[in-house]
Amino acid sequence: MAAEIAAGAGLRVAVFDHTPTPARKLLLAGRGGLNLTHSEPPDRFLPRYGTAEPLFRRLLAGFTPDDLRGWAAGLGIETFVGSSGRVFPVQMKASTLVRAWLRRLDGLGVTLHGRHRWTGWTGDGALAFRHGGEAVTAAPRAALLALGGASWPRTGSDGGWVPLLEGLGVGVAPLAPSNMGFEVPWSDHLRGRFAGQPVKSVGLSAIDRSGTRRRLKGEFVITEAGIEGGAVYALSAPLRDAIAAEGWATLTLDLLPDMPEAELARRLRRRGAESLATFLKKALSLAGPRAALLREFAPAAELADPAALARRIKELPVVLTGVRPIERAISSAGGVRLSELDERLMLARRPGLFLAGEMLDWEAPTGGYLLQGCFAMGVAAGKGMVEWLERTATG
């Protein structure tokens, strides 16, 4: 995106990519239909960026979700708003968008160089690359690093850039998984019967760093190792931080979020001679993996007490004992601290060097927020490069 902005301003632009072909992580993101952005209003959209909200308030003012949809339309990619508010290409494919985008870049004169791994700088300040067994250098007037975090390293984002920037004295927060699954020590029964099954229409909550309980409604999947899925990803940051601090975290489930606790208790008091499993299924439609989770974590004594059981159905604590590896996370947290950059996304310690994307210290949940953030950063960095080059040429 930065290359498109800079080339559109008349600059000569080259893109060096670690992998043989570009946009591999975008193509990976498109396996589920390529959720480009979200349609919710700014007062709900911007808080998704957590502590980085001030930065994204400025970035998204320069490239809004509507701007992103308009940009895609300019490539011939029409979009639609799904029932959840998420925005997708009508064709539900990333490859079509990428091909159209590469044609546009080619028309702007942007050159692409695959299989070039950045290794740092030469003694005279040029960018150094390895291409096959050869050393290659480039000495641009301005450069952008968009090297990703450390999730899905087979797409090229392996975090190998960290020591190179730390060698400049740049502050880098440790890379950590984001939008990832968690480990739960399931019983053999639950793992054997329900691994791979979704748990739908439940409430989830966790306490964040400020002590505020964050709540949402959604679904997740029981895995062999624990849990993963969209609703879990949305709470992954506070859960990850709790595990880092304490060695464990509690995810609280509401198995029947649309039914008040008092109504639950009233219905549970009607139970006669039926087995609990039969009664829960008939009276509450509580069966399958949701009923199994209740059996897994509710103390046996509470199962016979209507008031206690109603309370437990509404607040079922699930203890998470670990975080799934960063290599399998959808995205990563940590990276170059935002305080190292100026308002153009230029590194203060090295004028002319800009940074953008997942290599910076920010995170957001899935739902279009990650891609919207990266696109907006690319626009800001591209404009920043153009402005800085114009100023240095005249100054």
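The structure we're discussing is the one just above.
Residues numbered from 1 in each chain as written. Predicted model: local features only at pLDDT ≥ 70, side-chain atom pairs only at ≥ 80, totals over all residues. Heavy atoms only, no water.

Here we look at the pattern of salt bridges
Definition in use: We define a salt bridge as a contact between a side-chain nitrogen of Lys or Arg and a carboxyl oxygen of Asp or Glu at a distance within 4 Å. The way it works is that DSSP assigns letters per residue, a run of H or I at least four long becomes a helix, a run of E at least two long becomes a strand, and they are numbered from the N terminus. Between buried and exposed lies partly exposed: a residue is buried under 20% and exposed over 50% of the maximum accessible area for its type, with that area taken using a 1.4 Å probe on protein chains only.
Scanning the entire structure with this criterion turns up 21 salt bridges. Lysine 25 serves as the salt-bridge partner of glutamate 358, at 3.0 Å between the closest nitrogen and oxygen. Taken as a pair, glutamate 358 in the loop between strand E19 (353–355) and helix H15 (369–394) and lysine 25 in helix H2 (residues 24–29) lie far apart in primary sequence, 333 residues in all. Owing to a relative accessible area of 22%, lysine 25 belongs among the partly exposed residues under this scheme. With a closest N to O distance of 2.7 Å, glutamate 363 and arginine 240 form a salt bridge. Taken as a pair, glutamate 363 in the loop between E19 and H15 and arginine 240 in helix H10 (residues 236–246) lie far apart in primary sequence, 123 residues in all.

Section: the pairing of strand E7 (residues 127–131)
We apply this condition: Any two strands with at least two DSSP bridges between them are considered paired.
Note: strand E6 (residues 117–121) against E7, 4 bridges, orientation antiparallel. Bridge assignment links tryptophan 118 to a residue of E7, and that residue is phenylalanine 129. From the end of E6 to the start of E7, which pair antiparallel, there are 5 residues, and glycine 125 there has a positive phi angle of about 95°. Of the strand pairs in this sheet, E7 and strand E8 (residues 134–138) are connected by 5 bridges, and their pairing is antiparallel. Directly across from histidine 131, in E8, lies its bridge partner glutamate 134.

Here's the deal with the sheet that holds strand E14 (residues 226–228)
Quick reminder of the rule: Here, residues are in contact when the closest pair of their heavy atoms is within 4.5 Å. In this analysis, axes come from line fits to C-alpha atoms, helices being fitted only over the stretch in contact, and the angle between any two N-to-C directions falls in the range 0 to 180 degrees.
Spatially, the 7 strands line up as an open sheet ordered E16-E15-E12-E13-E14-E11-E17, and their pairing is antiparallel. Bordering the open sheet on either side are strand E16 (316–320) and strand E17 (322–323), each of which pairs with just one other strand. Relative to strand E15 (residues 249–254), strand E12 (residues 198–207) is paired through 3 bridges, and the arrangement is antiparallel. Residue pairing across strands places leucine 204 opposite leucine 253, the latter belonging to E15. Sitting on the sheet, H10 is in contact with strand E11 (182–183), E12, strand E13 (213–222), E15, E16 and E17, with an inclination near 145° to E15. Its contacts with the sheet place helix H13 (residues 288–297) against E12, E13, E15 and E16, and it is angled at close to 45° to E12.

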